[in-house]
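Chain residues, written in single-letter form:
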Amino acid sequence: MRPRSLRSQLLIGLIVPLLLGIAANTVSLYRQALRAADTAYDRTLLASAKSIGEQLQVTGAGDAARVQATVPYSALEAFEADNRSRMYFKVSGFQGEMVSGFEDLPAWRGRLPDRGPYAALVDFYDDTYREQPVRVAVLLQPVASQDGRGMATIQVAETLELRQTLARQILVDTLWRQAALLVVLVAAVLWVVQRATRPVRELSAQLRDRAENDLSPLAATDAPRELQPLLDATNQVMGRLAHLLAHQKRFVRDSAHQLRTPLAVLKTQVQSAQRGDVEPAQALQEMRHTVERATQLANQMLSLAKVEQLRQQGDAPVLDWAEIARAVALDLGALIAERQLDFEIATVPAPVRAHEWALRELTRNLLHNAIKHCPEGGSLTMRLLSDGRTAALTITDSGPGLPPGLRERLFQPFAAGERGGSGLGLAICGEIVRSLDGSISLDDRLAGGRIAGLDATVRLPLADNART
């Protein structure tokens, strides 16, 4: 199923509650209008009952007192609003006996309300008379004379044609007003939603019309504040993509440039061996050396690419750098023994947040470089210390130090090729250290005014201070 658009969700979320609110308001207004109409017409019924009560008399005295009334139906015509409704009345005496009016009008069985709307002993209720719904007013009218007194019951009923006509008219008028209000509100909602979602559509068009390789930040200074977090996050993602793409382009360019030379040399060596210019054993030895160099170069370039891959992964575990440093020193122990170096190692626990491969590659490259540049029988020291905030690995060799002019481009790829290597080892170390929010430095060590060796120092934040 296709997901609903933001605009449709806004419209549904605004218009549906609006419709429900207007419907509820319409019902409420209609009921209020009906109550107002009932109040108005009930007043007419009460006036009719009071008019009849004024014509009642008492005959007889004591227990023989009786109510007497002569009320022609024409007396009610003045209270009929038009010829669409009919009025009926009934007068009952002190003992409930029929005195005047319509005898079949159902007797009142209710009771007076505690607090009525009028200053009279009156009750209003709905009933059915002659198979027609009617509204009935019951008035308890005191009747007295010099010889007797009592309470007469006067019932006045009216059919509902006029009330129903008025109710329908009120309903129609209410619906028309509510419909007009609804049209205005829906138009306003449509305009507001259309205007509110315009920045989203413009942003979508801007992204759709971009060139394939355009990863520049999105410019939407007039976007609402609610879109700013999305724009910032999008620009951050595009920045990371641009960095990753640049890194990949640089990797491909450097790979093509650096691998071309050993492959060309290998091709020349094969051709020379085929022509018989060199002895077969010598040719195989030269080709073996060329293949080993190309393999080392390819592995280092893959390591450089892997650093960027680990940087994108994040969520590195916490590892003890001391254990990894000792493991690397043990791996390179044969090379240290071959060069007869006076090797010393001292470590303290140093938990850092990093991938194991990155720590191992960093330590191995630095230690391998130190072994390579130490004179045979020289001294080599590895120390790992901690100050509570950072862990510092220092590898001290007794080599010739840094060549002049190399310090400025130490950690650039292929910058140290003249030192006999591929020039990628320090570049890999620099990338790893940057990915771990650390720092690296190479400093010549002086003794008696002369260079006595090189100190390679790497500082990484401890796990509690590392970036999460």
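In this report, we go over the structure that sits alongside the text. Every residue gets a number counted from 1 within its own chain, in the order that chain's sequence is written. Owing to the predicted nature of the model, reporting of local features is limited to residues with pLDDT of at least 70; listing and counting of side-chain atom pairs is limited to 80 or more, with chain, interface and lining totals taken over all residues. Note that the side-chain values use all heavy atoms of the structure and ignore hydrogens as well as water.

Brief notes about the sheet that holds strand S9 (residues 342-347)
Put simply, the rule reads: Should DSSP find at least two bridges between two strands, the strands are regarded as paired. A run of H or I in DSSP counts as a helix once it spans at least four residues, and a run of E counts as a strand once it spans at least two, with each numbered from the N terminus. Fitted lines through C-alpha atoms give the axes, limited to the stretch in contact for helices. The angle between two N-to-C directions lies from 0 to 180 degrees. For this analysis, residues touch if any pair of their heavy atoms sits within 4.5 Å.
The mixed open sheet is built from five strands, whose spatial order is S9-S11-S12-S14-S13. Either end of the sheet is taken by a strand with one partner, and the two such strands are S9 and strand S13 (439-447). Averaged over all neighbouring strand pairs, the angle between strand axes comes to 15°, with direction disregarded. Here S9 runs beside strand S11 (residues 379-386); their pairing, made up of six bridges, is parallel. Its bridge partner being in S11, Thr347 is matched across the sheet by Leu384. Lying over the sheet, helix H6 (residues 321-331) contacts S9, S11, strand S12 (390-396) and strand S14 (450-461), oriented at roughly 165° with respect to S9.

Some remarks on the sheet that holds strand S4 (residues 98-101)
Taken in spatial order, the five strands line up as S4-S3-S7-S6-S5 in an open sheet, and their pairing is antiparallel. Both outer strands of the open sheet, S4 and strand S5 (122-129), are each paired with one neighbouring strand and no more. Looking at each pair of strands side by side, their axes are set apart by 25° on average, direction ignored.

A look at helix H8 (residues 356-373)
Worth spelling out the cut-off: Expected helix span is taken as 1.5 Å per residue step, with the number of steps being one fewer than the number of residues. Classification of residues uses two cut-offs on accessible area relative to the type maximum, computed with a 1.4 Å probe and protein chains only: under 20% is buried, over 50% is exposed, and between them is partly exposed.
Between its terminal C-alpha atoms H8 stretches 26 Å, which fits the 26 Å expected from 18 residues at 1.5 Å a residue. Among the residues of H8, those classed as buried are Ala358, Leu359, Glu361, Leu362, Thr363, Asn365, Leu366, Leu367, Ala370 and Ile371.

Examining a nonpolar patch on the surface
Applicable threshold: Patch membership needs two things, relative accessible area over 30% and no salt bridge, and members are linked within 9 Å if like-charged or within 5 Å if nonpolar (Val, Leu, Ile, Met, Phe, Trp, Tyr). All accessible-area figures derive from a Shrake-Rupley calculation using a 1.4 Å probe, and residue coverage is judged against the displayed protein chains alone. Every case where a carboxyl oxygen of Asp or Glu lies within 4 Å of a side-chain nitrogen of Lys or Arg is listed as a salt bridge.
Taken together, the side chains of Leu6, Leu10, Leu14 and Val200 make up a nonpolar region of the molecular surface, amounting to roughly 300 Å² of accessible area. Considering each element in turn, the nonpolar patch owes the most residues, three residues, to helix H1 (residues 6-53). Mapped onto the elements of the fold, Val200 is located in helix H3 (residues 198-208). On the basis of relative accessibility, which here comes to 31%, the residue Val200 falls in the partly exposed class.

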